[in-house]
Amino acid sequence: MPVDAIVIGSGPNGLAAAITLARAGRSVRVYEAESTVGGSTRSAELTQPGFVHDVCATIHSLALVSPFLKTLPLAEHGLEFAHPALPLAHPLDDGTAVIVHRSVAETTELFSRHDASAYRALFEPLVEHADAVMEAVLGPPGFRHPVLMTRFARHAIQSLEGLARRSFHDERTRAMLAGVAAHCMVPLDKLSTAGYGLGLLIAAHAVGWPVARGGSQHVSDAMASYLRSLGGEIVTGQRIDSLDALPPSRVVLCDVTPRQFLRMAGARVPAIYRWRLGRYRHGPGVFKMDWALNAPVPWRATACDHAGTIHIGGTMAEIAFAEREAWSGRAPEKPYVLVVQASQFDPSRAPTGMHTLWAYCHVPNGSTTDMRDRVEAQIERYAPGFRDCIIARSVLSPADMERRNANLVGGDIAGGAANFAQFIARPVLSLNPYATAVDGVYLCSSSTPPGIGVHGMCGYYAARAALRRHF
């Protein structure tokens with residue numbers, strides 16, 4: 001039966017697009033290649049029965065600040081968040097850690113006088129107006145809240161290394177900022193890397209860095225449940241290799257990367273648009289590990305016990321070097337490792353007395369280097385005895401990540417490099433970056449603004465563009 005709209009892919013952006021269309025009274029059908037919905041927001045027993053691991057996305061601060069997701073009644077569809085006492089910690093080699101509290105003031109209590117003053121001056125005005133900041137940051141390029149965004153943008157446009165050196169004196173503060181900004185997988189001397197760090201820290205102070213209770217799959221399942229309550233249809237286990245294989249509809253929204261779209265669309269894509277999309281660049285991949293543990297991680301800095309996210313990598317110089325290596329095509333010897341210990345705050349993820357641990361490091365796109373020893377050595381550096389706690393481990397290379405989700409090209413979890421050029425032109429420079437050169441066909445993945453994160457805004461804006469033009 002014909003429908004108004006078809007969505008290819010059931011990641012958070014695909015589901016957000018479908019929900020937006022269904023809320024507008026349009027009939028929607030979602031096609032998902034895998035047997036479950038979720039894209040990169042899935043969970044599975046990767047190590048042993050009873051241990052629930054998030055396959056990719058795990059921390060959901062952006063879900064709580066997303067202007068779109070905040071409007072959805074997801075709690076009524078089974079979604080609940082578990083908040084750690086501390087959003088994040090950054091351990092150092094002296095046995096201490098830099099701690100980020102929900103409170104800006106508490107965060108700066110152990111900073112030097114200069115850095116405490118600089119941190120409060122930078123973050124307090126932005127955290128106070130976090131909703132407005134996120135409405136602007138998580139949208140396509142525009143001119144929302146101009147006064148507030150001028151304050152944000154003059155810092156965000158800088159490289160993280162530049163901002164850290166100009167504004168803060170202490171290596172401890174700089175290391176923490178580098179650990180947060182390195183989420184973007186772009187060398188920290190590049191323009192706009194400071195913006196990623198600022199955005200994530202604003203979210204940490206405004207809403208925290210929680211996990212979904214029971215696993216990230218519950219985020220996707222709640223969105224799918226809400227979509228079905230609106231009359232939307234979801235077809236799983238059906239891969240779409242060509243747009244020509246789709247049934248009739250007025251619009252098609254593709255939660256896929258430009259590379260996949262070009263394959264699906266084939267000869268329907270004009271040569272100039274194919275050339276422009278073909279220039280779109282993918283960034284570093286991730287080497288992902290999960291562990292089943294018989295005890296909590298024995299952090300040397302005990303404050304880390306209370307943090308949901310731990311950034312492993314040492315000083316700003318060490319982290320910056322590791323990120324440049326991955327960007328330049330070399331697997332770092334001492335990688336920056338992003339660690340999440342969800343079971344500390346969500347006991348449903350492991351059998352009683354046991355724990356799960358989630359981590360990844362950045363590697364060159366498509367890298368075949370086995371990083372397991374390097375990753376575990378970095379954790380052991382700050383948690384001596386960590387290896388003694390391991391019951392079982394799961395290892396996912398960049399190729400494994402792509403096999404599980406075709407959007408993760410070469411292990412790139414960001415849907416494309418998140419450098420400044422591809423912030424402005426994502427996936428191409430256009431007043432409507434969601435519309436493709438094929439009439440009625442739109443991109444709605446993280447390869448469109450605002451990019452990486454479980455926020456649904458790419459899907460929301462793509463659906464709004466389709467509604468304006470075709471309905």
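Residues numbered from 1 in each chain as written. Predicted model: local features only at pLDDT ≥ 70, side-chain atom pairs only at ≥ 80, totals over all residues. Heavy atoms only, no water.

Participant: What's the story with the nonpolar core in this structure? I'm lost.
Facilitator: One recurring pattern in soluble globular proteins is that nonpolar side chains are buried together. Counting 108 residues, the largest nonpolar core has Phe-123, Met-176, Leu-201, Met-223 and Leu-253 as the members making the most contacts within it. Apart from the residues lying within four places of it in its own chain, the contact partners of Phe-123 are Val-104, Leu-198, Leu-201 and Ile-202. In terms of nonpolar packing, the next biggest core, distinct from the first, is built from 30 residues, Leu-293, Ala-359, Val-363 and Tyr-382 among them. (Core = buried A, V, L, I, M, F, W, Y, C linked by side-chain atoms within 4.5 Å. Buried < 20%, exposed > 50% of the residue type's maximum accessible area, 1.4 Å probe, protein only. Contact = heavy atoms within 4.5 Å.)

Participant: Looking at this structure, how should I read the sheet that holds strand β12 (residues 307-312)?
Facilitator: The strands that make up a sheet are held in pairs by hydrogen bonds between backbone atoms, and each pair lies either parallel or antiparallel. The strand order across the open sheet built from 7 strands is β7-β6-β12-β13-β14-β11-β15, with neighbouring strands paired in mixed fashion. In this open sheet, the two edge strands, each paired with only one partner strand, are β7 (97-100) and β15 (390-396). Sheet twist, expressed as the average angle between the axes of neighbouring strands with direction ignored, equals 20°. Taken together, the 4 bridges between strand β13 (residues 337-340) and strand β14 (residues 355-363) define a ladder with antiparallel strand orientation. By the bridge assignment, Val-339 is partnered in β14 with Ala-359. (Pairing = 2+ DSSP bridges. Helix = DSSP H or I, 4+ residues; strand = E, 2+ residues; numbered from the N terminus. Axes fitted to C-alpha atoms, helices over the stretch in contact; angles between N-to-C directions.)

Participant: Just checking my understanding: could you explain the environment of Leu-246 for this structure?
Facilitator: Mapped onto the elements, Leu-246 comes out in the loop between β9 (233-236) and β10 (249-254). Residue class for Leu-246 comes out buried when judged on its relative accessible area of 13%. Contacts of Leu-246, omitting those with residues within four sequence positions, involve Ile-6, Ile-8, Tyr-31, Ile-240 and Val-252.

Participant: Can you walk me through the pairing of β12 in this structure?
Facilitator: Along a regular strand, successive side chains alternate from one face of the sheet to the other. Along β12, 6 of the 6 residues are buried, which leaves the element largely enclosed by surrounding structure. Judged from the 3 bridges that link them, strand β6 (residues 86-91) and β12 form a sheet pairing that is parallel. Directly across from Leu-86, in β12, lies its bridge partner Ala-307. Relative to β13, β12 is paired through 4 bridges, and the arrangement is antiparallel. Pairing of Ile-312 across the sheet is with Val-337, part of β13.

No statement about biological role is implied by the geometric values presented.
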